[in-house]
2 protein chains.
Amino acid sequence: MLNFEFKNPTKVFFGRGEIEKLSTQLPKDKKILLLFGGGSVKNNGVYDQIKKALGTHNYLEFWGIPANPEYEVLMSALDIIKKEKIGYLLAVGGGSVIDGTKYLAAAALYDGDPWEILKKPVRTSEKEALPFATVLTLPATGSEMNSGYVISRKETQEKLSSGGPGLFPEFSILDPEVVRSIPKRQVANGICDAYVHVLEQYMTFPTTATLQERFMESVLKTLQEVAPKVLAEVFDYDAAANFMWCCTLALNGLLQKGVPTDWAVHAMGHELTAYHGIDHARTLAIISPSHYRYNFEAKKQKLAQYAENVWGITSGDTEEKAREAIEKLEEFYHSLGIKTKLSEYTHQYKDTASKVRAAFLSRNWQGLGEHKNLGPDDAYKIVEMSY
Amino acid sequence: MLNFEFKNPTKVFFGRGEIEKLSTQLPKDKKILLLFGGGSVKNNGVYDQIKKALGTHNYLEFWGIPANPEYEVLMSALDIIKKEKIGYLLAVGGGSVIDGTKYLAAAALYDGDPWEILKKPVRTSEKEALPFATVLTLPATGSEMNSGYVISRKETQEKLSSGGPGLFPEFSILDPEVVRSIPKRQVANGICDAYVHVLEQYMTFPTTATLQERFMESVLKTLQEVAPKVLAEVFDYDAAANFMWCCTLALNGLLQKGVPTDWAVHAMGHELTAYHGIDHARTLAIISPSHYRYNFEAKKQKLAQYAENVWGITSGDTEEKAREAIEKLEEFYHSLGIKTKLSEYTHQYKDTASKVRAAFLSRNWQGLGEHKNLGPDDAYKIVEMSY
């Protein structure tokens with residue numbers, strides 16, 4: 001097991017009706033900015049619950065943070081934060097609103113061009129960020145209980161990430177009832193996103209961190225089990241609750257402690273979103289099977305372990321199990337209604353591998369994957385395999 | 001899944017050599033009291049590493065906190081804390097030293113008779129305790145990453161518990177190398193203690209909290225796997241690391257979120273320690289099989305799930321699997337060298353059931369177990385079954 005440090009101070013309020021806790025958890029002595037995405041929370045009752053809980057708190061609202069939170073939009077919010085002397089942020093949304101809020105929490109106290117925070121990138125330590133909290137309306141990214149974030153900038157076709165110990169939400173409210181009204185396409189994205197978060201921490205090589213590997217296999221199996229239930233027409237509270245808690249624990253830092261991690265699927269996937277606007281989760285489904293096939297020799301033992309422990313495949317040798325594992329993974333994506341080939345999303349795909357290679361070259365990438373040995377040419381081939 | 005709140009702000013430093021982090025993590029502007037048990041840390045190199053890391057920090061040492069941390073001894077430490085204006089505590093030891101340190105952290109700022117904290121009991125909120133950290137030398141209780149503690153008082157034959165959100169360690173250092181020199185008897189106790197911590201959160205009835213149940217089964221299976229390795233003569237670092245991390249996660253609060261819990265085994269076990277001085281972990285091995293047999297109807301479904309998912313027992317009906325589960329549990333204790341009958345520990349056992357009943361009656365116990373329906377008479381019968 002590798003040495004590690006772990007600290008996650010976010011307080012979670014989990015369950016039906018917990019949104020009312022805002023009334024006691026939010027500060028009374030600070031001006032609060034509520035940050036929202038589109039207007040879905042006005043239709044599902046979340047906005048009404050929040051308004052009621054906020055009562056006489058001093059707050060303003062900012063609407064319109066889009067998926068892949070956009071730098072230009074966030075700069076408008078930053079103007080308001082500075083002009084109105086906002087002292088506390090409340091993100092109400094999914095990963096995009098929460099990620100955008102984290103960036104704003106850092107940018108509000110940053111002395112310099114806010115884009116530097118992402119471009120260098122700058123890690124935000126404690127006391128270098130505005131305090132903030134979240135009300136999660138879309139389980140997927142785990143952003144509600146970690147300190148990382150990803151921001152997009154259309155102007156430069158960039159999607160960059162940063163984070164730091166100052167960017168854990170003070171608290172997050174997770175009410176599985178919100179899943180009731182999420183469009184099924186987004187539920188599928190959420191399942192896929194959380195699933196690949198675990199794969200990025202798991203699909204490397206067999207390690208001695210037995211407990212962490214079992215925890216990861218537990219999240220994968222539970223996501224597989226609840227997927228058809230949360231995608232069904234009839235709402236199932238307990239399936240929604242497991243889905244939500246799986247998404248949070250998939251990326252709250254605990255699983256990856258003491259183990260090697262990959263994250264190459266995300267690095268390549270972010271480029272597909274930047275060029276083609278494909279939903280983040282779907283880019284992961286496009287890239288991951290090709291990534292595992294391209295790196296089959298390096299990953300086949302862990303793929304076989306995944307086949308056995310997650311899919312119950314007991315026949316065949318290591319290579320056969322490993323190959324079946326990749327097929328099972330693709331079938332799982334398809335069962336969510338998610339396509340796994342880039343050409344199924346866009347006709348303009350042919351330059352993508354070249355663009356990814358060029359982007360990685362331009363950033364002096366130090367090597368991707370658990371061995372840090374995948375370069376721009378490897379990324380070219382993996383992306384090409386995913387056409 | 002039940003509603004829950006979860007927050008655990010303790011920072012963990014895990015791995016070989018991490019003790020040196022004390023040099024940067026401990027405050028320079030406060031007088032520190034180091035708290036130790038016996039002298040074992042002087043023989044295994046831990047004390048030397050700590051002295052080196054502390055360098056020019058301003059600190060005093062207090063030695064001699066015994067197993068089942070004793071109120072009278074802790075009152076001597078409290079005198080020193082007050083007289084010397086101590087501002088920070090560092091526990092170096094296992095669960096007893098850490099539990100004792102938590103009680104001292106609370107008692108140092110408590111305005112009144114310190115025994116009240118345990119007798120009422122008083123929950124210690126943030127800012128009502130001295131800050132403290134730990135260096136774990138004996139994996140077992142999970143106290144290094146939670147906010148609870150148990151204190152014994154010989155004079156009154158009481159063993160009482162309290163806690164509160166102010167009593168999480170600021171940080172804890174977990175170096176699996178310490179396991180190398182722990183006497184095997186104490187390693188066995190540690191495995192048993194952590195194992196029953198999980199059982200107390202798990203062995204109730206099947207719930208809809210699928211992810212948590214899988215996490216708990218993961219800890220149980222991992223403890224079973226590493227047990228022979230950490231009890232072997234040759235030191236196995238990775239087995240020790242899994243053992244250590246299992247013990248911490250068994251009781252850091254995460255597993256029990258959203259599920260019903262039991263804790264009746266601990267309630268009865270504490271009495272056996274108070275009357276007979278039996279090691280805490282061993283009292284759990286004495287009580288748990290009888291507890292599960294006595295409450296067989298209420299627990300048989302979960303016992304069968306445990307048989308299947310933890311022991312791989314697939315044949316037989318629910319009752320058969322459940323019965324085999326209890327036998328497997330007893331065999332597991334025996335494999336650790338731990339006896340499971342009270343009469344194997346003391347000849348003076350015959351009054352024990354009566355004493356437990358009287359103690360529970362005197363404390364107006366509200367009912368034990370996940371259904372809170374076990375009274376003093378049930379405790380009498382369970383303890384008697386364990387003779």
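Residue numbers run consecutively from 1 along every chain, following the written order of its sequence. Working convention: letters from A go to chains and numbers from 1 go to ligands, in the order in which they are written. Local features in this predicted model are restricted to residues of pLDDT 70 or higher, and side-chain atom pairs are both shown and tallied only at a pLDDT of 80 or more, whereas totals for entire chains, interfaces and linings draw on every residue. As a rule here, side-chain values cover all heavy atoms of the structure and leave hydrogens and water aside.

*Asks:* Could you give me a rundown of the confidence of the model for chain A, with the residues and numbers involved?
*Replies:* Think of pLDDT as the predictor's per-residue confidence, scored from 0 to 100. Summing up the model confidence of chain A, the mean pLDDT is 96 and the portion of residues at 70 or higher is 100%. Interface confidence for the predicted complex, given as ipTM, is 0.97, next to a pTM of 0.97.

*Asks:* Can you lay out the interface of chain B and chain A for me, pointing to particular residues and giving the numbers?
*Replies:* Contacts: residue pairs with any heavy atoms within 4.5 Å of one another. Every contact between the two is made by 39 residues of chain B and, on the other side, 39 residues of chain A. Interface of chain B and chain A: buried area, both sides summed, is about 3600 Å²; carbon and sulfur atoms make up 58% of it. Salt bridges, as used here, are contacts in which a Lys or Arg side-chain nitrogen is within 4 Å of a carboxyl oxygen on Asp or Glu. In this structure, A:Lys11 engages B:Glu5 in a salt bridge whose closest nitrogen and oxygen atoms are separated by 3.6 Å. Here a polar contact means two N or O atoms within 3.5 Å. Within protein one must be a hydrogen donor candidate and the other an acceptor candidate, and residues neighboring in sequence count only if both atoms are side-chain atoms. The tally of links from chain B across to chain A stands at 25 residue pairs in polar contact (both at pLDDT 80 or more). Defined here as a combined quantity, buried area equals the accessible surface (1.4 Å probe) lost by two parts on assembly, summed across both.

*Asks:* Help me get a handle on the relation of the copies chain B and chain A, residues and values and all.
*Replies:* Two copies of a chain can be linked by a rotation about an axis combined with a shift along that same axis. Alignment of the copies relies on least squares applied to C-alpha atoms, considering only residues that score at least 70 for pLDDT in both. Structural alignment of chain B on chain A gives an RMSD of 0.0 Å, achieved by rotating through 180° and translating 0.0 Å along the axis. Accordingly, the operation relating the two chain copies is best matched by a two-fold axis. Judged by C-alpha distance, B:Pro9 is the residue of chain B that lies nearest the rotation axis, at 2.1 Å. Both copies present the same face, since 100% of the interface residues in chain B are matched by interface residues at the equivalent positions in chain A.

*Asks:* Hey, could you go over the sheet that holds strand 5 (residues 132-136) of chain A for me, with residue numbers and the actual values?
*Replies:* On the basis of which strands lie adjacent, the open sheet formed by 12 strands has the order 3(A)-2(A)-4(A)-5(A)-8(A)-1(A)-1(B)-8(B)-5(B)-4(B)-2(B)-3(B) and mixed pairing. Strands at the two margins of the open sheet, each flanked by one partner only, are strand 3 (59-62) of chain A together with strand 3 (59-62) of chain B. Recorded for the sheet is a direction-independent mean angle of 20° between the axes of neighbouring strands. One ladder, built from four bridges, connects strand 2 (residues 32-36) of chain A with strand 3 of chain A; its direction is parallel. When the sheet's bridge partners are listed, A:Leu33 is paired in strand 3 of chain A with A:Leu60. In this fold helix 3 (residues 46-54) of chain B packs onto strand 2 (32-36), strand 3, strand 4 (88-93) and strand 5 (132-136) of chain B, with an angle of close to 160° to the strand it touches most, strand 3 of chain B. Between any two strands, pairing holds if DSSP finds at least two bridges. Put simply, DSSP H or I for four residues or longer makes a helix, DSSP E for two residues or longer makes a strand, and each gets a number counted from the N terminus. Axis definition: a line fitted to C-alpha atoms, limited for helices to the stretch in contact. Angles are taken between N-to-C directions and run from 0 to 180 degrees.

*Asks:* So what about the packing of helix 8 (residues 210-231) of chain A against helix 9 (residues 237-250) of chain A? Which residues, and what values?
*Replies:* Each pair of packed helices gets described by two things: the angle between the helix axes and the distance between those axes. Residue and element names in this part refer to chain A. It is at 9 Å that the axes of helix 8 and helix 9 come closest, and there the two elements cross at 140°. As for the relative orientation of helix 8 and helix 9, their crossing is left-handed in sense. Where helix 8 approaches helix 9, its residues Val219, Thr222, Leu223, Val226, Lys229 and Val230 are matched on the opposing element by Ala239, Ala240, Asn242, Phe243, Cys246 and Ala250. Grouping the constituent residues of the contact of helix 8 with helix 9 by class yields nine nonpolar, two polar and one charged. For any helix crossing, the convention is left-handed if the near helix is rotated counterclockwise from the far helix by under a right angle, and right-handed if that rotation is clockwise. Amino acids are sorted into nonpolar (Ala, Val, Leu, Ile, Met, Phe, Trp, Tyr, Cys and Pro), charged (Asp, Glu, Lys and Arg) and polar (every other residue, Gly among them).

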